[in-house]
Amino acid sequence: VRNEKHVKLKPRNGKAFTRVELARKIVQEYQKMYWEEEESTKLPVETSAERHGGILANRAETDGRWGIWGHDLEDLQLTCISYSSEDKTINLGVDSLGALFTI
């Protein structure tokens, strides 16, 4: 994404997240970002090949709220979650499935 998103998440019990609950909330936020992008872009959601020709199957950049490019939501996986007790933030590592598999 071209524009970062910062979200305040609150656990259901008001104290702490379970790993499953945190993962679900992260997924929901990413789904919301992709939906907001599709609703706010003036450009079609298509591959680079469809937009520019060639064979590149990556998602072409859109000009919506988040400036999503490179990968569709289905291509992403959460690879790392780290917590900073100093500023009480969670930082995510998100990568594409294709980047982790080679032939």
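Bear in mind the structure is a predicted one, so any value in this text is a computation, not a measurement.

## Some points on the side chain of E37
- Relative to the helices and strands, E37 resides in helix α1 (residues 19–40).
- Here E37 occupies a buried position and makes no salt bridge, while the nearest side chain of opposite charge, R59, is found at 5.0 Å.
- Within polar-contact distance, the side chain of E37 engages the backbone nitrogen of W66 at 2.7 Å.
- Once residues lying within four places of it in the same chain are set aside, the contact partners of E37 are R59, T62, D63, G64, R65, W66, G67 and I68.

## Overview of the pattern of salt bridges
- Evaluated as defined, the whole model comprises five salt bridges.
- E36 serves as the salt-bridge partner of R65, at 3.4 Å between the closest nitrogen and oxygen. Note that R65 is positioned in the loop between α2 (48–52) and β1 (76–84) and E36 in helix α1, a separation of 29 residues in sequence.
- For R65, a relative accessible area of 51% corresponds to the exposed category.

Parameters at a glance
Residues numbered from 1 in each chain as written. Predicted model: local features only at pLDDT ≥ 70, side-chain atom pairs only at ≥ 80, totals over all residues. Heavy atoms only, no water. Helix = DSSP H or I, 4+ residues; strand = E, 2+ residues; numbered from the N terminus. Buried < 20%, exposed > 50% of the residue type's maximum accessible area, 1.4 Å probe, protein only. Lys, Arg positive; Asp, Glu negative; His and termini not counted. Salt bridge = Lys/Arg side-chain N within 4 Å of Asp/Glu carboxyl O. Polar contact = N/O pair within 3.5 Å; in protein donor to acceptor, adjacent residues only side chain to side chain. Contact = heavy atoms within 4.5 Å.

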